[in-house]
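# Residue-level structural notes
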Amino acid sequence: MTSAATIVLALVAVIFIELMAGRFLEKDKTRMRDVFIEVFSTANVFFLSVPLIIFTGAGLAAALFPDHAGALASLPVWALFGLLMIGDDMLQYWWHRASHTFPVLYNLHRVHHDADYLNVRITYRNGLLYYIPMPSLWVTGLLVYLGAGEVYAFYVVAKSLVIIGAHSSVHWDEPLYKIKWLSPLMWVVERVISTPATHSAHHGRHKSDGVTHYKGNFSNFFFLWDMIFGTAKITRQYPAEYGVENLNEVSGAQLLLWPLVGGRKGTVEAEELKAAE
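Residues numbered from 1 in each chain as written. Predicted model: local features only at pLDDT ≥ 70, side-chain atom pairs only at ≥ 80, totals over all residues. Heavy atoms only, no water.

### Remarks on the nonpolar core
Note on soluble globular proteins: their nonpolar side chains tend to be buried together. If you look at the biggest cluster of nonpolar residues, it comprises 40 residues, and the most contacted ones within it are Phe-81, Tyr-131, Leu-137, Ile-164, Phe-221 and Phe-222. The element that contributes the greatest number of residues to this core is helix α6 (residues 135-167), accounting for 11 residues. When near neighbours in sequence (up to four residues on either side) are disregarded, Phe-221 contacts Phe-81, Asp-89, Tyr-155, Ala-158, Lys-159, Val-162, Val-192, Ile-193 and Ser-194. (Core = buried A, V, L, I, M, F, W, Y, C linked by side-chain atoms within 4.5 Å. Buried < 20%, exposed > 50% of the residue type's maximum accessible area, 1.4 Å probe, protein only. Helix = DSSP H or I, 4+ residues; strand = E, 2+ residues; numbered from the N terminus. Contact = heavy atoms within 4.5 Å.)

### As for α6
An α-helical turn contains 3.6 residues, so a residue and the one three or four places further along point in the same direction. The end-to-end C-alpha separation of α6 is 23 Å, well short of the 48 Å expected for 33 residues at 1.5 Å each. Maximum bend of α6: about 115°, positioned at Ala-148. (Expected span 1.5 Å × (residues − 1). Bend = angle between axes of the 7 residues up to and from the residue.)

### Some points on the environment of Phe-154
Tracing the chain through its elements places Phe-154 in helix α6. The class of Phe-154 is exposed, set by a relative accessible area of 54%. Remark: the alpha-carbon pair of Phe-154 and Ser-3, spanning 151 residues in sequence, is separated by 7.1 Å.

### Points about the environment of Thr-42
Counting through the fold element by element, Thr-42 comes out in helix α2 (residues 32-47). For the pair Thr-42 and Val-244, spaced 202 residues apart in the sequence, the C-alpha separation amounts to 21 Å. A distance of 2.8 Å separates a polar atom in the side chain of Thr-42 from the backbone oxygen of Glu-38. (Polar contact = N/O pair within 3.5 Å; in protein donor to acceptor, adjacent residues only side chain to side chain.)

### Here's the deal with unusual backbone geometry
Most peptide bonds adopt trans geometry, and most residues besides glycine take a negative phi value. Here the residue pair Trp-258 and Pro-259 is connected by a cis peptide bond, since its omega of 5° sits within 30 degrees of zero. One non-glycine residue with positive phi stands out, namely Asn-217, at about 50°. Tracing the chain through its elements places Asn-217 in the loop between α9 (196-203) and α10 (224-228). For Asn-217, a relative accessible area of 1% puts it in the buried group.

Here's what the structure looks like:
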């Protein structure tokens, strides 16, 4: 089974679990534009932007360094995995963090938070142009060209499982926190990878709830980056409400296709971004 097929299977499995738990459709909170956004943004990730950028990055590396194909292939698996951790996941942490700092990037990312719910449907919900300038994808293409392709096939599955689980409304970590003898293990786990508790805090609506940490918990795969760079908040709790406060309302097309659609009307300014905490 290919990596892509494994990821899709995992996504379908979590969708089924959420359906059985009554936490997938969110009928009282979902608008038609949410369905439109989530279908197109998820398809964009799987079939257009992400594979296109990685392949383009690899092709560009081949053109610039024609004699270095597979130059790193002899490195041990752990070393190639480590390079992917840094070149892909750590860079994505900084890209995500920058997307909550600079308005021009936030306008590409805003749609990920512009929903009053958090479940697996949100996982790949981003502006269609959000991924094109993402440095981590271009570096991943370079690393694949240099010989990390086989390790990346495993790495991307592991990363996707963590990200899908972190966005799910069925919290895999919640029952484990209640098992006393697992507490030392969970103390380590929640500081190493993103969990539903730590990531849901990033999606919380109200900073005043004591759980929400919209300006932190940026990690995707490894929560280590939030720990290392001082943006971590761990409460083992989940926000009661999700979304973003204090932002103007815009259409689904403006959220998904900014800046091609919306222009100034669909743009979050610096003052609004500062208020969106």
